Amino acid sequence: MRGLAMGLPPRLALSVLAGRGPSCILGFGAATRKDWQARNRRGFSDFYMQPLPDSDSEESSTSWTPRNRSEPTRHIACKKSARNLVRDLLENQNPSRQLILECNPGPGILTGALLKAGARVIAFESEKTFIPHLESLRRNVDGELQVVHCDFFKMDPRYQEVVRPDVSSQTIFQNLGIKAVPWSAGIPIKVFGILPNKHERRLLWKILFDLYSCESIYRYGRVELNMFVSEKEFRKLLATPKRPDLYQVLGVLWQVACDIRFLHMEPWPSFSVYTENGHLEKSKHRESLNLLKQNLYLVRMTPRRTLFTENLSPLNYDIFFHLVKHCFGKRNAPIIHHLRSLTTVDPIKILRQIRKSPGDTAAKMYPQDFKRLFESIERSEDSVFKWIYDYCSEDMEL
């Protein structure tokens, strides 16, 4: 069973694609949207889900040496930074009513600060070495803490028919008592983490697919991400046509899906770096360590309440992805040329509806322009698509 329909437009609550990942759409033929919907592309299923059976010093002096890590990892080390993060995460809300999911907290500097503020925290820690200390933080604190031995960034792997319970968000969240809320409701969960440098871009793609398909953590509503990312990915996420050198498909799709807000930059000394032996100067991962010695940018990505409409949904988001990717394939070509390759709908009529000139290029279109373009085509009664969608977008380096 996929996704959550609560809060979506009535037509979208009827069915959802049951398979995982991109697929081939319509082959070389052409069909109306009505005909296409009648085809069982991946198999359809009901969209409604069934009920899911400390010291005061500014720097931490405690030394933690996790073993068997494949690459160096970063954790919050500065207690002043942790207090600032608590302010960012909790804002002016009642801490006891806000659920914070912390990814790989390590020695628990931020975890302790959140608990002292009275927050409800679920710590997803992949390294067993840290778990006893994290569990000990429950004592003498005002907040609530649950510790899960799991790597958040490896949950719900795509393209696997059977997902192990220890990496299944559905199983884990059920055990934690987390329940889904309507998409139209508020923010049920806030996630905090530091994206692993080695797989940063791939993870951004994976999470994006989960968001648009209402899978994984997004089964439970509009989950808000608060993530530290590298400067490189930060600038690409927020890029607009004013920065053509940074403006790419991934940023367009994220900006359509979420309200992205830059919170602050954190210098790299605020983070501790742990390697297999705990000694940076003797680590075999010198190249990785150089990458880790970079300032990180904290961004908040809040899914838009209005993301899903009658014309853009978990049912057809992959077509929208293909449209944007196709347009960026030749970003300086007139958009009308792309439309003639993608659809038999009158491109002049479509461009007039979204108030764009036939000579405009993809490089000059803002993220919301792409959404309006797609929805205009979808609204057309004779919308006929003739593209082939046989690539894996998660692997695109765009």
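Residues numbered from 1 in each chain as written. Predicted model: local features only at pLDDT ≥ 70, side-chain atom pairs only at ≥ 80, totals over all residues. Heavy atoms only, no water.

If you look the protein chain up in an unreviewed UniProt entry, it shows as rRNA adenine N(6)-methyltransferase from Apodemus speciosus. Note on the protein chain: under the UniProt heading Subcellular location (unreviewed entry), the record states "Mitochondrion". The Sequence similarities (unreviewed entry) field of the UniProt record for the protein chain holds the comment "Belongs to the class I-like SAM-binding methyltransferase superfamily. rRNA adenine N(6)-methyltransferase family." (UniProt positions renumbered as here; feature names shortened; annotations may be inferred.)

Thoughts on the pattern of salt bridges
Applying the stated criterion across every chain yields a total of 14 salt bridges. The salt bridge partner of Arg261 is Glu91, with a shortest N-O separation of 3.8 Å. Highlighted residues: Arg261 in strand 10 (residues 258–266) and Glu91 in the loop between helix 2 (79–90) and strand 5 (99–103), separated in sequence by 170 residues. The exposure class assigned to Arg261 is partly exposed, which follows from its relative accessible area of 46%. The salt bridge involving Arg300 is made with Glu91; its shortest N-O contact spans 2.6 Å. (Salt bridge = Lys/Arg side-chain N within 4 Å of Asp/Glu carboxyl O. Helix = DSSP H or I, 4+ residues; strand = E, 2+ residues; numbered from the N terminus. Buried < 20%, exposed > 50% of the residue type's maximum accessible area, 1.4 Å probe, protein only.)

Overview of the pairing of strand 6 (residues 120–125)
For strand 6, the buried fraction is high: 5 of the 6 residues fall into the buried class. Note: strand 5 against strand 6, 5 bridges, orientation parallel. Its bridge partner being in strand 6, Leu99 is matched across the sheet by Arg120. As for the winding sense of the linkage, the β-α-β connection from strand 5 through helix 3 (residues 109–116) to strand 6 is right-handed. For strand 6 and strand 7 (residues 144–149), the ladder comprises 6 bridges, and the chain directions are parallel. By the bridge assignment, Glu125 is partnered in strand 7 with His149. (Pairing = 2+ DSSP bridges. Right-handed = clockwise from strand over helix to strand, strands pointing away.)

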